[in-house]
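# Descriptive structure summary
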Amino acid sequence: MKILANDGISKSGIEVLAQAGFEVLTTTVAQEQLANYINKHNIDVLLVRSATSVRKELIDSCPSLKIIGRGGVGMDNIDVEYARSKDIHVINTPEASSQSVAELVFAHLFGGVRFLYDSNRNMPLDGDSQFKSLKKNYAKGVELRGKTLGIIGFGRIGRDVAKIALGIGMKVIASDKFVGKADIKVEFYNGQFINVEILTEPTDEILKKADFITLHVPLQSEYVISEKEFSLMKDGVGIINAARGGVIDEVALVNAMESGKVAFAGLDTFEQEPTPAIQVLMNGQMSLTPHIGAATNEAQDRIGTELAVQIISILKV
Ligand code: NAD
C-alpha cells in the first residue's frame, strides 16, 4: 500500500509505516498536480499538514484514497464530512502538538513584555549613544508573574497554556463555549504536582479582566475578536493568536494597536497565509512566526507515529 505524505512526515512515522509494509512517498506535489499524482501512483493514504487542501473535487477525482490524515489538529483544509460520506477515513492527531503550541505562546508572551519583537530589529551595528537610547526605549518591561492571563478556548492547548502560566505564577482566567470547569494538573520534574480547578467565565469577562489574552478556539464563521471585543479590553493589553488566522480581525487589531489599546501582539496564524497582509507584516509592535506552533521535533515525532499507528489499525496490515 502507498502513502503520500505531501507536507512531510517525521522519520519515526516513516519507520513505523515501513516496518508494517507501507511505501511512504514524501514528494511535495503541487496542489494542481495532486489528483494526477495520486491516480498515477495509486495512492491509498494521503497525509497533509496545513499546506495541502483536500477539497471535494480532489476527493471525487481520487477513488483510490482510503484514508486522509491530517498531521495536527485543525481540519479546516479538508472537506471532512464529504470525505466520510465517501467512506474515506479522516484522521488527525489532536493531542500531539498541544505542548509545542503552548510553549510558542510563551515565546511570544515573554518576548512581548520585554519588547524583543522590536529590539531584535533595532540593535545598532555600532554607536554607543544609539545603544544607550535604545536601552531607554526598552526599559519599561513588565514581569508575567502576578499578571492575569485570559485564555479563550479551554480545550487541549488552552489547558496546556494554563499549566505553564500557573507554573510561572500567573493568574489564569478562561472562557469556553462548552467547557464549564477544568482541573489543571501542574506537574514538576521531581514528580510533585498541584491541581488547580478553573471555572470558566463569559468571554466578555475575560476580555475586561485580562492583562494578556491568548486564543485557542477553532476557526469559526465569525471573528471571535473584532472591534467590539477590543473595546472591552484593558488599555495596554497583549494578545496572542496561535489558533487560526480569521479568529482575530486583523484590521481591528492593527487599529487597536495604533490607538494604544493593544501594546503588542504575537501572531503565529494569519488571515492570509502564506502571505499575511502588509499592514500586519510591517507593524513594529507585532511578534510574528510563520504558523510554526506544531513545528518542534518532539511534536512532529508524535504526529508521525500517531498517524502511523492509526493507519495500521484502520488498514490492519
Ligand atoms: P480543542 O478542540 O481541544 O479546544 C478548542 C476549544 O475551543 C473547545 O473546548 C471549544 O469548546 C472552544 N471554543 C470553540 N469556540 C469557542 C468560542 N467562540 N469561544 C470560546 N471557546 C470556544 O482544540 P485545541 O487542540 O486546543 O486547538 C485549538 C486551536 O489551535 C485550533 O484552532 C487549532 O487549529 C489550533 N492549532 C494551531 C496550531 C499552530 O500551529 N499554531 C497547532 C495546533 C492547533
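Okay, so let's go over this structure. Not measured: the values here are computed from a predicted model.

Cut-offs used in this document
- Sequence order as written defines the numbering, with residues in each chain counted from 1.
- It should be noted that, the model being predicted, local features are given only for residues of pLDDT at least 70 and side-chain atom pairs only at 80 or more, the latter also being counted only at that level, while totals for whole chains, interfaces and linings use all residues.
- To obtain the side-chain values, all non-hydrogen atoms of the structure were used and water was disregarded.
- Here a residue is near a molecule or strand as soon as one of its heavy atoms is found within 4 Å of it.
- As used in this structure description, the phrase polar contact means that two N or O atoms lie within 3.5 Å; if the pair is within protein, one of them must be able to donate a hydrogen and the other to accept it, and residues adjacent in sequence are counted only when both atoms belong to side chains.
- The Shrake-Rupley method, run with a 1.4 Å probe sphere, supplies the accessible areas, and residue values consider only the shown protein chains as cover.
- Any residue that is not Ala, Val, Leu, Ile, Met, Phe, Trp, Tyr, Cys, Pro, Asp, Glu, Lys or Arg is counted as polar, Gly included; the first ten are nonpolar and the last four charged.
- A pair of aromatic rings is counted whenever rings of Phe, Tyr or Trp (Trp by its six-membered ring) have centres within 6.5 Å, and the orientation is called stacked for planes under 30 degrees apart, edge-to-face for over 60 and tilted otherwise.
- Secondary structure is summarised from DSSP: a helix means a run of H or I of at least four residues, a strand means a run of E of at least two, and numbering begins at the N terminus for each.
- Exposure classes here rest on a 1.4 Å probe applied to the protein chains alone. A residue is buried below 20% of its type maximum, exposed above 50%, and partly exposed in between.
- For a Lys NZ or an Arg CZ to count as sitting over a ring, it must be within 6 Å of the ring centre and within 35 degrees of the ring normal.
- Think of it this way: DSSP has to see at least two bridges between two strands before they count as a pair.
- Inter-axis angles, ranging from 0 to 180 degrees, are taken between N-to-C directions of lines fitted to C-alpha atoms, where helices are fitted over the stretch in contact.

## Points about the site of the ligand
The local shell around the ligand holds 24 residues, among which Arg156, Ile157, Asp176, Val217 and Asp268 are the closest. Within the contact set of the ligand, an oxygen atom lies 3.2 Å away from a side-chain nitrogen or oxygen of Arg244. Asp268 has a polar side-chain atom sitting 2.8 Å from a nitrogen atom of the ligand. Protein contact buries 87% of the 860 Å² of open area that the ligand shows by itself. Taken together, the residues of the shell around the ligand break down into 10 nonpolar, 9 polar and 5 charged.

## Considering the packing of aromatic side chains
For the structure shown, the criterion picks out 4 aromatic pairs. Ring centres 6.3 Å apart and planes at 50° place the aromatic pair Phe106 and Phe110 in the tilted group. Taken together, the residues span about one helical turn, with Phe106 and Phe110 both in helix α5 (residues 98-113) at a distance of 4 residues. We classify Phe110 as partly exposed; its relative accessible area is 42%. Aromatic pair Phe212 and Phe264: ring centres 6.1 Å apart, planes at 40°, arrangement tilted. In this pair, Phe212 sits in strand β10 (residues 212-215) while Phe264 sits in strand β12 (residues 262-267), placing the two residues 52 residues apart along the sequence. Here Phe212 and Phe264 have matching classes, each one buried. Taking NZ or CZ as reference, Lys185 lies 4.3 Å from the ring centre of Phe193, over its face.

## Quick look at the sheet that holds strand β13 (residues 286-288)
As summarised here, the arrangement of the 6 strands in space is β7-β6-β10-β11-β12-β13, forming an open sheet in which the pairing is parallel. Taken across any chain shown, the strands that pair with only one partner, and hence form the sheet edges, are β7 (171-175) and β13. Put simply, the sheet's adjacent strands are angled 15° from each other on average, direction ignored. The pairing of strand β11 (residues 237-241) with β12 spans 5 bridges and is parallel. Looking across to β12, one finds that Ile240 is bridged to Gly266.

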